[in-house]
Amino acid sequence: MSARSKPFQSATVRAATAALSGGNPLRRFLVADEVGLGKTVVARDTLAALASKARKFTVYYITSGLKVADQNKVELLRFLDKNEAKDALSTIDRVGLIPFEERRKEKIRLYAFTPTTSFSSSQRLYGGKAVERAFIKLLLDELYPGLTDAFPEGYIEYGATSGWPWACEEAQGKFDNVSALFKTAYGRALRTEFGKPARENILRAIETSKYGQSLGRMRKALAQAALDSAPPDLVIFDEFQCYRELLDAGTDNPLARQLLAGNNGTPPPILLLSATPYRFYAERWENGVGAAPHVEFFKIIEFLGGSAARAEAETQFRRFGDLLHLIGHLPADSRQAAIEEAQALKHHLERLLTPLMSRTERPVSDHAGEPAPPSVRIEPHDLDVYRHFTDHVSPKLAGSAVSYWLSVPLPAQALGDRYQISRNIDFPATRSVPRLGVTNCFKPPKDGWGSAKLRALNSLVPTEVLALPWVLPSLTWWTPSGPWAKMTQSPKMLIFSRFRATPQSLAALVRVASVNVV
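Residues numbered from 1 in each chain as written. Predicted model: local features only at pLDDT ≥ 70, side-chain atom pairs only at ≥ 80, totals over all residues. Heavy atoms only, no water.

J.: What is the right way to read the overall build of the protein from this model?
T.: On a plain count of helices and strands, the protein comes out with 21 helices and six strands. Out of the 518 residues in the protein, the part that is buried amounts to 43%. Nonlocal contacts in the protein, meaning residues at least 24 apart in sequence, comprise 73% of its contacts between residues at least 6 apart. Approximately 28,200 Å² of the protein is accessible, and the part contributed by carbon and sulfur atoms is 54%. (Helix = DSSP H or I, 4+ residues; strand = E, 2+ residues; numbered from the N terminus. Buried < 20%, exposed > 50% of the residue type's maximum accessible area, 1.4 Å probe, protein only. Contact = heavy atoms within 4.5 Å. Areas by Shrake-Rupley, 256 points an atom, 1.4 Å probe, with all protein chains shown as cover.)

Here it is, written out as structure tokens:
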């Protein structure tokens, strides 16, 4: 049995269960919790909630690697007793082998698959295992009596010799457990794969195609029939960003399309798990190539909620972004109306996306008694620096300007030609925007450098402390005197930055302030 979930996990389970039960008409939900916050626990309890309402419940758990699958498929069944969980867990590792299972009486059945082995769009057509071919022969003999007798000699054996009798015996044992529903589904899959009339088309394909290729197509039909006759009641895509193309399966991946479409036009509930459902590519801002990450975000919204949800999200996000830019350009006493509209849009977007996805992050401070991080207040002078920077960069890259501005002090001067966003741009000098040069290298400007984070850094460690030429040891062996006696905190700091230009700009501006103190 599993440990009880935490309150924030239970809240996500309720949201996911509601969406997958029909709260979202497409019955799809994304759990994008931060790494380590228990997405598997959420999936486990969501599975338990959905299965409790069903007489029989089949789960397809799909993840990128066998190691992850082996670990998490056990965790997903922790809500069951040990013996029940063992019986519910299938050892079948690919869809086409589901018919080989003996009939089970358990209420829940969980299959763990990887995209490469079961849903790859580039699967090579080959004959597979001898027992699979023997199983296909039994199916063909029942569906199309005499068909395999017309095959070229040794075709169905495909090179098997002494092991063929064992394969036939093993396949017969599996065949005795196959339902009529699966046999009908296999006949339908063959007609879809080869066309009508299937008997004649199969023989023609064997004559005209490479040796064994038609056997591969028969095996592909076997997987489609298995999925058709035993459709999942829940599909869990774990770390789906590693195989994102599966969500956009085309005609080259009929099995994946069949999985997403479901039987009789009724798609199964789909639960997506990923801490990074779309990637935030900083390097793309620097070299100016690749798809914009927000496009991936809107594709996910479309997958979860449909094209109408995507269109509305794109419209509202675009307006929200325009408002943020407008607020930055307006005088302080003229911003209120734009701020109120932006707040209303924010709440509207939350209502739009809440039925589709959930995101939980760790608090910045999660230890009892640990002080909260200092707030960073943006001042009007900071926005002058931002406007000066964004007004001169390429419109195609302006969307990423805010990230550079937040991280790099004096971005128009510090980035240079190393970054695509500022390459070959001559930012003009203006009175409202500070600029480091020979005339002010010993004295900071009156209004500061226009960097909120630099001011926050100065508040953490005063310039007077940084200006001292010797660092006070952590454990002193004599009583410090002079200016060191006044030190109340260590000047040692570890600073993380998003861009390489940040440490250089920071070092130059801190040095200017320190020299001025000395």
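J.: Would you mind showing me how to read the pairing of strand S1 (residues 28-31) here?
T.: Working note: regular strand, side chains alternate between the two faces of the sheet. Of the two faces of S1, the one lined by Arg28 and Leu30 and the one lined by Phe29 and Val31 are each fully buried. Bridge count between S1 and strand S5 (residues 270-273): four bridges; the pairing is parallel. Each residue of the ladder has a partner; that of arginine 28, found in S5, is isoleucine 270. (Pairing = 2+ DSSP bridges.)

J.: Where do I start with the packing of helix H6 (residues 130-143) against helix H10 (residues 213-229) in this structure?
T.: Between two packed helices, both the angle of their axes relative to each other and the distance between the axes serve to describe the pair. Axis separation between H6 and H10 bottoms out at 11 Å; the angle between their running directions is 80°. By the angle class used here, H6 and H10 are roughly perpendicular. Residues Glu132, Arg133, Phe135, Ile136, Leu139 and Leu140 of H6 lie in contact with H10, whose contacting residues are Leu215, Met218, Arg219 and Leu222. By residue class, the composition of the contact of H6 with H10 is seven nonpolar, no polar and three charged. (Axes fitted to C-alpha atoms, helices over the stretch in contact; angles between N-to-C directions. Parallel < 35°, antiparallel > 145°, perpendicular 65-115°, else oblique. Nonpolar A, V, L, I, M, F, W, Y, C, P; charged D, E, K, R; others polar.)

J.: Even after reading the chapter, I still don't get the packing of aromatic side chains, so can you show me in this structure?
T.: Given two aromatic rings, one states the distance between the centres and the angle between the planes to describe the pair. On inspection of all chains with the given rule, the structure shows 18 aromatic pairs. Centre to centre, the rings of tyrosine 386 and tryptophan 405 are 4.9 Å apart; their planes meet at 50°, and the pair counts as tilted. Here tryptophan 405 lies in helix H17 (residues 401-407) and tyrosine 386 lies in helix H16 (residues 380-390), a separation of 19 residues in the sequence. Given the relative accessible area of 7%, tyrosine 386 is considered buried. Judged by relative accessible area, tryptophan 405 falls into the buried class, the value being 11%. A cation over an aromatic ring shows up here: arginine 28 above the ring of phenylalanine 303, its NZ or CZ 4.1 Å from the ring centre. (Phe/Tyr/Trp six-rings, centres within 6.5 Å; stacked < 30°, edge-to-face > 60°. Lys NZ or Arg CZ within 6 Å of the ring centre and 35° of its normal.)

J.: Quick question: what am I supposed to make of the pairing of strand S4 (residues 234-238) here?
T.: With respect to burial, S4 is a largely interior element, five of its five residues being buried. A two-sided burial pattern is seen for S4, the buried positions comprising Leu234, Ile236 and Asp238 on one face and Val235 and Phe237 on the other. Taken together, the four bridges between strand S2 (residues 57-62) and S4 define a ladder with parallel strand orientation. The partner of valine 59 across the bridge, within S4, is leucine 234. Where S4 meets S5, four bridges bridge the pair, whose relative direction is parallel. Bridge pairing links isoleucine 236 to leucine 271 in S5. Once you follow S4 into helix H11 (residues 254-261) and on to S5, the crossover reads as right-handed. (Right-handed = clockwise from strand over helix to strand, strands pointing away.)

J.: Explain the environment of glutamate 296 to me, please; I cannot follow it from the model alone.
T.: In this fold, glutamate 296 is placed in helix H13 (residues 293-305). Assessed through its relative accessible area of 14%, glutamate 296 is described here as buried. Taking the C-alpha atoms as reference points, glutamate 296 and proline 277, separated by 19 residues in sequence, lie 8.5 Å from one another.

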